[in-house]
Number of protein chains: 2
Amino acid sequence: MSPANRSLERGIEILRAFRPGSDLLGNGELAERAGLSKATVSRLTQTLVGMGMLQQEPLRKGYRLAPAVLSLAHAMRSGSAVLQVAAPLMRALAESKHINVGLAAADRDEMVYLESIRYSRRVAFRNVVSGQRVPMELTSLGRAYLATIPPTRRKALYAIFKARRGRQWSSLLAEIEQSLRCVRESGCCAASWQPEVVALATPLQSADFSYSLNVSVSTGEKIEAVVEALTTPLLELRGAILKSLSLRAGE
Amino acid sequence: MSPANRSLERGIEILRAFRPGSDLLGNGELAERAGLSKATVSRLTQTLVGMGMLQQEPLRKGYRLAPAVLSLAHAMRSGSAVLQVAAPLMRALAESKHINVGLAAADRDEMVYLESIRYSRRVAFRNVVSGQRVPMELTSLGRAYLATIPPTRRKALYAIFKARRGRQWSSLLAEIEQSLRCVRESGCCAASWQPEVVALATPLQSADFSYSLNVSVSTGEKIEAVVEALTTPLLELRGAILKSLSLRAGE
DNA sequence: CGCAGAAGTTCCATTGTATGGAAATCGAAT
DNA sequence: ATTCGATTTCCATACAATGGAACTTCTGCG
């Protein structure tokens, strides 16, 4: 493998520094985050503005992501066979069972939703979220993914989680390992990392991709009851998606 | 202005080569589009894969945009004050008038939807599209934008359109100039670049941004009837968005 | 009104590294 | 096996990216 292009790496790292909550960043802040000199960051941000990936607030306050990133996302979504096939099936399940259904992929040490269909009584609130990041180590989505990857990569991710979680790591590790066993035995695992929300996830992978599929409900019920009720629909959804994909590929 | 960073420019240009319909691109094709040597492209794509912006299809067939671009889009959307303010107002108008409502920004020589709320009888089809690109020179959105920019920039864009449209350019130019007058006189302009769809757009700008707002309907009616019916709602929507924004900024 | 401070940009010599041609490798189809 | 196409690696060269320092701009405060 050839050495990577440093300028490009740095430029992309600058783009990736923008997140919900850090939507307006100045050169100084970017320089600090990326460990670069102000001069370098200044030139990189100028280039990114020139390419239409960033726009600067008028008063030199800082930079924001520009609309062009939306069209990259659009291109990615419209080119994803999995998403095209899965979305209608996910929507149908969400409607019929009145639950949330999500599809996510790993990005570094987090999971990113390709699609998250939120069921809600109010039709207007049934919004679809994509691009949202959730922690890999805490979520059912992330653990389902961890169950599918080679041990080497899993170890590397564990190191990141450990650095992030500090003293809570050992108990978290036990939880994760338990989830991995669950996935291997029953095909899916449950987690509740946010109050009142229980989620159940299963890996969705083939030679081409490695995603996670989940369902979730806002409920006061115990986890076990949710697992009982949703395991079969989730696994059936997975089966339906894989079947549709193989049919499509065969054409 | 310092010279731009060439490697970064090229890397971003590679990302931007991915579009709906060109979702799987190999190094050769990328090299041709960007006018680069295959060796250079090979290294840049490797870097982009390493940064999680591209993923390669297993059989070396080519590269695709990776899920990370979705989270860039998510960050951009959640950080956009205009979009946060406008979206609910747009949705309300779409529901009450049974029309499509869109918000778009310029990206180079095209318009990119920040949000497009498609009204449809079937609730399940009221999907929201963002990131879709439409031609600037043909759409009401694009012409509303053209009406707001400095003549120098407009001239530069005209040159691009002319190169693209060839012999049709002179009549198209007349149409565009007519639309610009419309925008200046009545605040908005109409266009119908797709059969059966009439759209009406108005600029939505301030010191910070320069967007376009539109409404559209699928209809057999004449353009004039649509203009008559929708001009007032569109301009009122624009007013409501600008008012909410100034209130928010004042806090 | 002007000054002080912070943030950003430009300058410049140095160094590193990105580049493209050519060769080697890989994979696929025959 | 063999060949063809595409991709990656190699390598010397030259270009361009870099970071420290100087300079400019903007902001807030005295």
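Residues numbered from 1 in each chain as written. Chains lettered and ligands numbered in written order. Predicted model: local features only at pLDDT ≥ 70, side-chain atom pairs only at ≥ 80, totals over all residues. Heavy atoms only, no water.

Considerations on the overall build of chain A
Rule in force here: Secondary structure counts use DSSP, requiring at least four H or I residues in a row for a helix and at least two E residues in a row for a strand, with both numbered from the N terminus. Each residue is placed in one exposure class: buried if its accessible area under a 1.4 Å probe, protein chains only, is under 20% of its type's maximum, exposed if it is over 50%, and partly exposed if it falls in between. Contacts between residues were defined by any pair of non-hydrogen atoms, one from each residue, lying within 4.5 Å. What sets the accessible areas is the Shrake-Rupley method with a 1.4 Å probe; for residues, cover comes only from the shown protein chains. Residues scored as positive are Lys and Arg, those scored as negative are Asp and Glu, and His as well as the terminal groups of each chain are ignored. A single reference atom marks each charge: NZ on Lys, CZ on Arg, CG on Asp, CD on Glu.
A tally of regular secondary structure across chain A gives nine helices and nine strands. Over its C-alpha atoms, taken along the principal directions, chain A stretches across nearly 55 × 40 × 40 Å. Within chain A, the proportion of its 251 residues that are buried is 50%. For chain A, the proportion of contacts with a sequence separation of at least 24, taken over those separated by at least 6, is 52%. Accessible surface for chain A amounts to roughly 12000 Å². Of this, 51% is attributable to carbon and sulfur atoms. Across chain A, 33 positive and 22 negative side-chain charges occur, with their mean positions spaced 4 Å apart.

Details of the interface of chain B and chain A
For the record, the criterion: Once two parts are put together, the accessible area they lose, assessed with a 1.4 Å probe and summed over both, is termed the buried area. Throughout this description, the term salt bridge denotes a Lys or Arg side-chain nitrogen within 4 Å of a carboxyl oxygen of Asp or Glu.
Opposite the 60 residues of chain B that make contact, chain A presents 60 residues. A buried area of about 4900 Å², summed over both sides, lies between chain B and chain A, and 70% of it is on carbon and sulfur atoms. Its largest share of buried area at the contact with chain A, chain B owes to Leu8, Met51 and Leu70 of chain B, together 15% of the area lost on that side. Our count for the chain B to chain A interface comes out at zero salt bridges.

A few points about the protein's contact with DNA strand D
Rules: If even one non-hydrogen atom of a residue comes within 4 Å of a molecule or strand, that residue is called near it. Definition of a polar contact: a pair of N or O atoms within 3.5 Å, with one able to donate and the other able to accept a hydrogen when the atoms are protein atoms, and with sequence-neighbouring residues admitted only if both atoms are side-chain atoms.
Taken together, the neighbourhood of DNA strand D is formed by 21 residues, with Thr40 and Arg43 of chain A together with Asn27, Gly28 and Lys38 of chain B sitting nearest. When the atoms of DNA strand D within 4 Å of the protein are grouped by moiety, sugar and phosphate amount to 74% of the total. The backbone of arginine 6 of chain B places a nitrogen or oxygen atom 3.0 Å from a phosphate oxygen of DNA strand D. One of the backbone nitrogen or oxygen atoms of glycine 28 of chain B is found 2.9 Å away from a phosphate oxygen of DNA strand D. Mapped onto the surface near DNA strand D, the elements with two or more residues apiece are helix H1 (6–16) and helix H3 (38–50) of chain A together with helix H1 (6–16), helix H2 (27–34) and helix H3 (38–50) of chain B. If you tally residues by element for the surface near DNA strand D, the top one is H3 of chain B, at four residues.

Side note on the pairing of strand E3 (residues 100–107) of chain A
Residue and element names in this part refer to chain A. What counts is decided by this rule: Think of it this way: DSSP has to see at least two bridges between two strands before they count as a pair.
Along E3, seven of the eight residues are buried, which leaves the element largely enclosed by surrounding structure. Relative to strand E4 (residues 110–117), E3 is paired through seven bridges, and the arrangement is antiparallel. Bridging from a neighbouring strand, aspartate 107 pairs with glutamate 110 of E4. Between E3 and E4, which follow one another and run antiparallel, lie two residues, and arginine 108 among them has a positive phi close to 55°.

Notes on the packing of aromatic side chains
Rules: Side-chain rings of Phe, Tyr and Trp (the six-membered ring for Trp) are treated as a pair once their centres are within 6.5 Å; stacked means planes under 30 degrees apart, edge-to-face means over 60, and tilted covers the remaining angles.
Applying the stated rule across the entire model yields eight aromatic pairs over all chains. Look at tyrosine 158 of chain A and phenylalanine 161 of chain A: their rings are 6.5 Å apart centre to centre, the planes differ by 50°, and that puts the pair in the tilted class. In this pair, tyrosine 158 of chain A and phenylalanine 161 of chain A are both assigned in helix H7 (residues 151–165), three residues apart and thus about one turn of the helix distant. Assigned by exposure class, tyrosine 158 of chain A and phenylalanine 161 of chain A land together as buried. Ring centres of phenylalanine 209 of chain B and tyrosine 211 of chain B lie 5.2 Å apart, and the angle between their planes is 25°; on these two criteria the pair is classed as stacked. Like tyrosine 211 of chain B, phenylalanine 209 of chain B is buried. Connected via pairs of aromatic rings, a cluster forms that spans Tyr158, Phe161 and Trp169 of chain A.

Some points on the relation of the copies chain B and chain A
Put simply, the rule reads: Copies overlap after least-squares fitting; the atoms used are the C-alpha atoms of residues with pLDDT of at least 70 in both.
Superposition record for chain B on chain A: RMSD 0.1 Å, screw rotation 180°, translation along axis 0.0 Å. Between the two chains, the operation in question is that of a two-fold axis. Residue leucine 8 of chain B of chain B places its C-alpha closer to the rotation axis than any other residue of that unit, at 2.3 Å. Comparing interface residues between copies, 100% of those in chain B also lie at the interface in chain A; the contact surface is shared.

Digging into the protein's contact with DNA strand C
Around DNA strand C sit 20 residues in total, of which Asn27 and Gly28 of chain A together with Arg10, Thr40 and Arg43 of chain B are the nearest. Protein-proximal atoms of DNA strand C, defined as those within 4 Å of the protein, fall in sugar or phosphate at a share of 75%. The side chain of serine 42 of chain A places a nitrogen or oxygen atom 3.0 Å from a phosphate oxygen of DNA strand C. Here a phosphate oxygen of DNA strand C and a side-chain polar atom of arginine 10 of chain B are 2.9 Å apart.

A short note on unusual backbone geometry
Although it is not a glycine, glutamate 196 of chain A sits at a positive phi angle of roughly 75°. Residue placement: glutamate 196 of chain A occurs in the loop between strand E7 (189–194) and strand E8 (197–205). Of the residues examined, glutamate 196 of chain A reaches a relative accessible area of 54% and is grouped as exposed. The residue arginine 108 of chain B is not glycine, and still its phi comes out positive at about 55°. In this structure, arginine 108 of chain B sits in the loop between strand E3 (100–107) and strand E4 (110–117). The class for arginine 108 of chain B is partly exposed, based on a relative accessible area of 40%.

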